[in-house]
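Residues per chain, in single letters:
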Amino acid sequence: MTENTAPSTITYASYLALDDLLAAQHPLSDQHDEMLFVIIHQTKELWLKQILHEVALAQSLVRAGDLVPAYKSLARVSRIQTVMTLSWDILATMTPADYLRFRGSLGSSSGFQSDQFRRFESALGLKDDRFLRFHEDRPEAHAALKAVLDAPSLYDDALAQLARAGLPVPAEALSRDVSKPYEPSEGVEAAWLEVYRDTERWWPFYQLAEKLVDLDDALLTWRHKHVVTVERIIGRRRGTGGTDGVGYLTETLQRRCFPELWSLRTKL
């Protein structure tokens, strides 16, 4: 909608649906800090909505072979991830005593149940259908996560373009069951090594690879800050969703969305 065609009745508040947005916070206790807890997590979900919007565009561009236009969306996602990581510093102003005053109100709810975060992970290749069970009470969220789990990831799309360009991507990597977690491949690593050893020839793929590493790097940074913040606030207690808390979060630091883009660096 352009400025010339916008209705004269539209206002800042109505355009942004501020009355609905600002009425969406419903703390369950009378503790002051619970409002911060709610807003931090709602804000993350809004940013995740934008991230999924950008990743969908990037995937459509990569699938069409338009690598350079995809860089913008991928760079935007990395910057959003930086903002999300910084938000942990705000939550860290909450002391253990502050949190424990309302923790019981959370019941079994936990951030690891976020369907948008799982869709983001799946879109990057970290697929795990065990998380579907947490969304059986929300059919649309369940269907959206299932669709991403069953579709090629951004990395699958990138590998398909590598092969189309004539790089030696193994057939098994191209014909794999995309609903399953991606397994590292020496053949895929060799294909990316060709890109990194002749960056002038393969410049669009080289830049795409570095944009992907940016995403993985930012995700790891987000996870690390999450671990530190959780340990600072609840120590080694179990998580509200029944996980091992800090122990579970620490395990996620070992995950890589694009493993060969990390391992090839040792062989350059």
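In what follows, the structure referred to is the one given above.
Residues numbered from 1 in each chain as written. Predicted model: local features only at pLDDT ≥ 70, side-chain atom pairs only at ≥ 80, totals over all residues. Heavy atoms only, no water.

Asker: Would you mind going over the overall build of the chain with me for this structure?
Answerer: Looking only at helices and strands, the chain features 13 helices and zero strands. Every one of the 268 residues in the chain was classed for burial, and the buried ones make up 45%. Summarising the internal contacts of the chain: among those between residues at least 6 apart in sequence, 73% fall at separations of at least 24. One way to put it: in the chain the 31 positive side-chain charges average out to a point 2 Å from where the 37 negative ones average out. (Helix = DSSP H or I, 4+ residues; strand = E, 2+ residues; numbered from the N terminus. Buried < 20%, exposed > 50% of the residue type's maximum accessible area, 1.4 Å probe, protein only. Contact = heavy atoms within 4.5 Å. Lys, Arg positive; Asp, Glu negative; His and termini not counted. Charge placed at Lys NZ, Arg CZ, Asp CG, Glu CD.)

Asker: Looking at this structure, I do not really get the pattern of salt bridges. What am I missing?
Answerer: Pairs can form between side chains of opposite charge whenever their charged atoms are close. The tally for this structure, following the rule as stated, stands at 14 salt bridges. A salt bridge links Arg 138 to Asp 115, with the nearest nitrogen and oxygen atoms 2.9 Å apart. In this pair, Arg 138 is assigned in the loop between α6 (115-124) and α7 (139-150) and Asp 115 in helix α6, connecting sequence segments 23 residues apart. On the accessibility criterion, Arg 138 (41% relative accessible area) is partly exposed. Here Asp 115 falls in the buried class, since its relative accessible area comes to 7%. The shortest N-O distance in the salt bridge between Arg 176 and Asp 156 comes to 3.1 Å. Taken as a pair, Arg 176 in the loop between α9 (171-174) and α10 (186-197) and Asp 156 in helix α8 (residues 154-164) lie far apart in primary sequence, 20 residues in all. Side by side, Arg 176 and Asp 156 carry an identical accessibility label, which is buried. (Salt bridge = Lys/Arg side-chain N within 4 Å of Asp/Glu carboxyl O.)

Asker: How should I be thinking about the nonpolar core in this particular structure?
Answerer: When a protein is soluble and globular, its nonpolar side chains tend to lie buried together. Core analysis: the largest hydrophobic core is formed by 62 residues, its most contacted members being Phe 120, Tyr 155, Trp 192, Leu 212 and Leu 261. Residue contributions to this core peak at 12 residues, all from helix α11 (residues 203-234). Setting aside anything within four residues of it in sequence, one finds Phe 120 in contact with Leu 48, Ile 51, Leu 52, Val 55, Val 77, Gln 81 and Leu 219. Counting five residues, the second largest nonpolar core, distinct from the first, contains Phe 131, Leu 132, Leu 145 and Leu 149. (Core = buried A, V, L, I, M, F, W, Y, C linked by side-chain atoms within 4.5 Å.)

Asker: Just to check I follow, could you spell out the packing of aromatic side chains for this structure?
Answerer: With the rule as written, the count across this model stands at 11 aromatic pairs. Ring plane angle 80 degrees and centroid distance 5.2 Å describe the contact between Tyr 155 and Tyr 182, whose orientation is recorded as edge-to-face. Within this pair, whereas Tyr 155 is found in helix α8, its partner Tyr 182 is found in the loop between α9 and α10, the two being separated by 27 residues in sequence. In textbook terms, an aromatic cluster arises when at least three aromatic residues are bridged by ring pairs, as seen for Phe 37, Tyr 99 and Phe 102. Sitting over the ring of Tyr 71, Lys 211 keeps its end group 5.3 Å from the ring centre. Taking the ring centre of Trp 262 as reference, the NZ or CZ of Arg 256 above it sits at 5.2 Å. (Phe/Tyr/Trp six-rings, centres within 6.5 Å; stacked < 30°, edge-to-face > 60°. Lys NZ or Arg CZ within 6 Å of the ring centre and 35° of its normal.)

Asker: It is not clear to me how a nonpolar patch on the surface should be interpreted in this structure. Could you clarify?
Answerer: The grouping of Ile 10, Tyr 12, Tyr 15 and Leu 16 at the surface amounts to a nonpolar patch, some 480 Å² of accessible area in total. You can call Tyr 12 exposed: its relative accessible area is 63%. (Patch = residues over 30% accessible without salt bridge, like charges linked within 9 Å, V, L, I, M, F, W, Y side chains within 5 Å. Areas by Shrake-Rupley, 256 points an atom, 1.4 Å probe, with all protein chains shown as cover.)

Asker: Explain α8 to me, please; I cannot follow it from the model alone.
Answerer: Structural remark: α-helix, 3.6 residues per turn; residues separated by three or four positions point the same way. Of all 11 residues in α8, eight are buried; the element is thus mostly enclosed. The set of residues buried in α8 consists of Leu 154, Tyr 155, Asp 156, Asp 157, Ala 158, Leu 159, Gln 161 and Leu 162. A positive phi of about 100 degrees marks Gly 166, the residue just after α8.

Asker: Would you explain the environment of Leu 36 in this entry?
Answerer: Relative to the helices and strands, Leu 36 is located in helix α3 (residues 33-63). With residues up to four places along the chain from it excluded, the contact list for Leu 36 reads Ile 90, Leu 91, Thr 93 and Met 94.

Asker: Can you help me understand unusual backbone geometry in this one?
Answerer: Negative phi is the rule for most residues except glycine; trans is the rule for most peptide bonds. Of note, Ala 17 is a non-glycine position whose phi angle comes to about 50 degrees, a positive value. The residue Ala 17 is located in the loop between α1 (12-15) and α2 (18-22) in this model. The partly exposed category is assigned to Ala 17, whose relative accessible area is 33%.

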